[in-house]
Amino acid sequence: MNKKPVIIVLTLLAWAGIAAVFLTRESDAPMTSFTTLAGEKTSLQEMRGKVVLVNFWATTCPPCAREMPRLAEAYRKYHGRGYETVAVAMSYDPPLYVKRFTEQYQLPFKMVLDADGTIAAAFADVNATPTSYLIDRQGRIVRRVVGELEFPAFEALLEKELAKG
């Protein structure tokens, strides 16, 4: 009986398993700093201990505009449990438009202008909006979503992360 094919298959399966672990492993979020529209300076480092959603968006992006009220609702619902939202307006978004949008929809979370694109660059060169990153209490990226969030799935994941305390 030739055992060579069995050994080859088992070796390939082992390597595939190792690759799967490394490809699905959480990665550290960049320790970038922000200045909000209100002038508050903060960073992801300062938010350690909280579950944080970093949402890249633009006022000219219809899916972004649709999800903003839902993001505000989630913020109000979970903020008291250690949840934070940072909405990062893309570099091409005029600051006046961002300010008006924020006021019009009474967005309660941190609103940031990425005027020079450094924040988007720190997050693997984000260029599609909306793009969201959910970051756990230890500063690791749990999920990256390109496109509009699926809110039932997002809230289920958020509940799971907040329950970890």
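First, a word on scope: everything that follows refers to the structure included in this document.

About the thresholds
Residues numbered from 1 in each chain as written. Predicted model: local features only at pLDDT ≥ 70, side-chain atom pairs only at ≥ 80, totals over all residues. Heavy atoms only, no water. Buried < 20%, exposed > 50% of the residue type's maximum accessible area, 1.4 Å probe, protein only. Helix = DSSP H or I, 4+ residues; strand = E, 2+ residues; numbered from the N terminus. Arc of directions from axis to C-beta. Pairing = 2+ DSSP bridges. Expected span 1.5 Å × (residues − 1). Bend = angle between axes of the 7 residues up to and from the residue. Contact = heavy atoms within 4.5 Å. Axes fitted to C-alpha atoms, helices over the stretch in contact; angles between N-to-C directions. Parallel < 35°, antiparallel > 145°, perpendicular 65-115°, else oblique. Left-handed = near helix turned anticlockwise from the far one by under 90°. Nonpolar A, V, L, I, M, F, W, Y, C, P; charged D, E, K, R; others polar. Core = buried A, V, L, I, M, F, W, Y, C linked by side-chain atoms within 4.5 Å.

Time to look at helix α3 (residues 95-104). Of the positions making up α3, those classed as buried are Val98, Phe101 and Thr102. Mapping the buried residues of α3 onto a view down its axis gives an arc of 100°, with all of them on the same face. Glutamine 106, located one to two residues past α3, shows a positive phi value of around 45°.

Our focus in this paragraph is the sheet that holds strand β4 (residues 51-57). Either a parallel or an antiparallel arrangement is found when strands of a sheet pair, and the pairing is made through backbone hydrogen bonds. Strand order in this open sheet of six strands is β1-β8-β7-β4-β5-β6, and the pairing throughout is mixed. The two strands at the open ends of the sheet, each matched to only one other strand, are β1 (27-28) and β6 (110-113). For β4 and strand β7 (residues 131-135), the ladder comprises five bridges, and the chain directions are antiparallel. Bridge pairing links asparagine 55 to serine 132 in β7.

With that settled, the discussion passes to helix α2 (residues 62-78). Under the 1.5 Å per step criterion, the end-to-end length of α2 is 25 Å for 17 residues, consistent within 8% with the ideal 24 Å. In α2, a bend of some 30° at methionine 68 exceeds every other bend along the element, and proline 69, a proline, comes one to four places later. Listing the buried residues of α2 in full gives Cys64, Glu67, Met68, Leu71, Ala72, Ala74, Tyr75 and Tyr78. Buried residues belonging to α2 abut β4, β5 (83-89), α3, β7 and α5 (151-163).

Below, the discussion takes up the packing of α2 against α5. Relative to each other, α2 and α5 sit at 25°, their axes nearing to 12 Å. Judged by the inter-axis angle, α2 sits roughly parallel to α5. The crossing of α2 and α5 is right-handed. Only Phe151, Phe154, Glu155, Leu158, Glu159 and Leu162 of α5 make contact with α2, whose side of the interface consists of Glu67, Arg70, Leu71, Ala74, Lys77 and Tyr78. Residues of the contact of α2 with α5, tallied by class, amount to seven nonpolar, no polar and five charged.

Trp57, Met68, Tyr83, Phe109, Phe154 and Leu158 are the most contacted members of the largest nonpolar core, which totals 28 residues. If one sorts the elements of this core by residue count, α2 sits on top with seven residues. Not counting residues up to four positions away in its chain, the partners in contact with tryptophan 57 are Cys64, Met68, Ala87, Val88, Ala89, Met90, Asp93, Val98, Phe101, Met111 and Thr129. If you look at the next biggest cluster of nonpolar residues, it comprises 18 residues, including Phe34, Val52, Val112 and Ile141.

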